[in-house]
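Topology and contacts: notes
Chain by chain, the residues:
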Amino acid sequence: MATAMRMDYDKHRCPYIGVRFDWWLLGTSKGKLLPFLLIDAPFSLVVDTLFFPIEYQYSCNL
């Protein structure tokens, strides 16, 4: 998810966008996507951590 969000980078500049989006999806799906998000969240966390030095000056709201 973190990589997918960054493909539209002009609109989604913020630290930990993948983790934030996974969390948002979990809330909006009322837990139905939990199995998929449990698989995706660790990967999003790693990718977001790698991009953190570049994106730390940005903040955003989903």
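Quantities reported herein were computed from a predicted structural model and do not represent experimental measurements.

Examining the environment of Met5
Following the sequence through the fold, Met5 ends up in helix α1 (residues 2-6). Note on Met5: relative accessible area 8%, which makes it buried.

Comments concerning the packing of aromatic side chains
One pass over the structure, following the stated rule, counts three aromatic pairs. With 5.7 Å between their ring centres and 40° between their planes, Tyr16 and Phe52 make a pair best called tilted. Note that Tyr16 is positioned in the loop between α1 and α2 (17-28) and Phe52 in helix α3 (residues 34-55), a separation of 36 residues in sequence. Take Tyr16: its relative accessible area is 26%, and that puts it in the partly exposed class. Grouped by ring-pair contacts, the aromatic residues Tyr16, Phe52 and Tyr56 constitute a single cluster.

Rules used in this analysis
Each residue is numbered by its place in its chain's sequence as written, counting from 1. Given that this is a predicted model, residues contribute local features only at a pLDDT of at least 70 and side-chain atom pairs are listed and counted only at 80 or more, while totals for whole chains, interfaces and linings are drawn from all residues. Working from all heavy atoms in the structure, the side-chain values ignore hydrogens and water. The helix and strand labels rest on DSSP assignments: H or I over at least four residues marks a helix, E over at least two residues marks a strand, and numbering proceeds from the N terminus. Accessibility here uses a 1.4 Å probe with only protein chains present; expressed as a share of the type maximum, an area under 20% marks a residue as buried, one over 50% as exposed, and anything in between as partly exposed. Aromatic contacts are taken between Phe, Tyr and Trp rings whose centres are within 6.5 Å, Trp giving its six-membered ring; a plane angle under 30 degrees counts as stacked, one over 60 as edge-to-face, and the others as tilted.

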